Amino acid sequence: MASEANSEGTGLVFHPMDQFIVKPLFGDGPVMWYTVTNVTLWMAFSVAAVVLLLVVGTSRRAIVPSRSQSIGELAYGFVYKMVEDVAGKDAVGYFPYIMTLFMFIVCANFLGLVPMSFTTTSHIAVTAVMAMGVFLTVTVIGFFKHGFSFLSLFWISSAPLPLRPILALIEIISYFVRPVSHSIRLAGNMMAGHAVIKVFAAFAGIAVIAPLSVLAITAIYALEILVSFIQAYVFAILTCVYLKDALHPHH
Amino acid sequence: MASNSSQAAETASPGMPQLDFSSFGNQIFWLVVTLVVIYVILTRVALPRIADVLAERRESISNDIAAAEDLKLKAVAAEETYDKALADARAEAGNIVEGAKAEMKAELATAISKADAEIAEKIVEGEKIIQEIRSNALESVEEVAKSTATAIIEALGGKDDSKFVDKAVSSEMKG
């Protein structure tokens, strides 16, 4: 690798992408689809976080909530209101689906901020599966609910007739680009932040730059906390928007 | 660590572990497992429970608000009865004061009239006494005048003619 070649000369060791390597937890064998890897471990942690927050935290069913219970209720109310406001009242049935995505992404993002951790949502494979899942679900719901007239989503009846075929082409392209942007946005944001932190950390090898490096890592870390939440929010709200298009395709 | 770095060099050959397709199957499999587990936990346990808690809270809050409304109405009613009692008491006190005043006035009037009557009686009595005294005094004056006149006549060497003197004195006194 180019970065490793550079490090020979300067004494700096750059391995900003090593944190994203998928490796088996036990032994050194090849990564098969069923192998228990660091992906498994950190996804299990995010499941544990969800359980801790939404099941253990609310187990007392208090009228006056404790801190953990009010966080759980806040998450519930936040996503529920988002589904209701963005996708409409008839989309409330899909609320558990969106809640699942939101809680998984938010927990995985924040767990990724733990030092030495593995950020599952920084992998395009993970985000692409979720985005494709959303894309396929939404398309199926659209055709199931509206049949052929779901295609009127692409036929903008408010535009002048000569423009409509061109707009339809653009709409169709943008429709199929949705899962790509949906997945790359999340993975890209998570990967970039973590990689930048690692690069700054590598610079700390030079004693003179070290204080500045620590300062920069602190700043980026703060930014990453913000990004972790915002990206989960963006993913969930875009899912709601796509769902709204499927439920109400007529502009 | 050494084994890890050799592993890293091996798998990170494309530069980005994200584009290492050999790990995709693994990630996708575990992701699907994770999402299904979270979905089942949310739909079976977490979401119904939170919805219950929220509904319960909303209900208890609306109940409390209703109870508060009830209590407020009761307080207003109590205030009204209190105000009414206060007004009644005030009216009664006014009546009592008025009665006492009238009674006192009547008593005062009878006492004054009684005193007036007594005073009038006393005046009449006094006048009678004065009249008596005056008449007595006139008689005395006549007597004195007669005796004086007789004495003067005697002293002048005249005869004791009491009848004449009496006549003269009475006429003189009348005139």
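Tell me about the nonpolar core, and name the residues and values.
Counting residues in each nonpolar core, the largest one holds 60 residues, and the members touching the most others are Met99(A), Phe104(A) and Met130(A). Looking at this core, the element that brings in the most residues is helix α4 (residues 95-112) of chain A, giving 12 residues. Setting aside its immediate chain neighbours within four residues, Met99(A) contacts Leu54(A), Ala75(A), Tyr76(A), Val79(A), Leu42(B) and Leu47(B).

Can you break down the interface of chain A and chain B residue by residue, with the values?
The interface of chain A with chain B comprises 50 residues on the first partner and 40 residues on the second. Carbon and sulfur atoms supply 73% of the area buried between chain A and chain B, which totals about 4000 Å² over both sides. Remark: the boundary between chain A and chain B carries 1 salt bridge. Where chain A touches chain B, the interface holds 12 residue pairs in polar contact (both at pLDDT 80 or more). Looking at the side of chain A that touches chain B, the elements with two or more residues in it are α2 (38-56), α3 (67-87), α4 and α5 (124-146) of chain A. The biggest single contributor to the side of chain A that touches chain B is α2(A), with 9 residues. Counted by class, the side of chain A that touches chain B contains 34 nonpolar, 11 polar and 5 charged residues.

An account of α2(A) is requested, with residue identities and associated values reported.
Between its terminal C-alpha atoms α2(A) stretches 25 Å, which fits the 27 Å expected from 19 residues at 1.5 Å a residue. Along α2(A), the residues that are buried comprise Asn38(A), Val39(A), Thr40(A), Trp42(A), Met43(A), Ser46(A), Val47(A), Val50(A), Leu54(A) and Val55(A). Where α2(A) is buried, its residues meet α3, α4 and α5 of chain A together with α2 (24-155) of chain B.

The rules behind the values
Residues numbered from 1 in each chain as written. Chains lettered and ligands numbered in written order. Predicted model: local features only at pLDDT ≥ 70, side-chain atom pairs only at ≥ 80, totals over all residues. Heavy atoms only, no water. Core = buried A, V, L, I, M, F, W, Y, C linked by side-chain atoms within 4.5 Å. Buried < 20%, exposed > 50% of the residue type's maximum accessible area, 1.4 Å probe, protein only. Helix = DSSP H or I, 4+ residues; strand = E, 2+ residues; numbered from the N terminus. Contact = heavy atoms within 4.5 Å. Buried area = accessible area lost by both parts, 1.4 Å probe. Salt bridge = Lys/Arg side-chain N within 4 Å of Asp/Glu carboxyl O. Polar contact = N/O pair within 3.5 Å; in protein donor to acceptor, adjacent residues only side chain to side chain. Nonpolar A, V, L, I, M, F, W, Y, C, P; charged D, E, K, R; others polar. Expected span 1.5 Å × (residues − 1).

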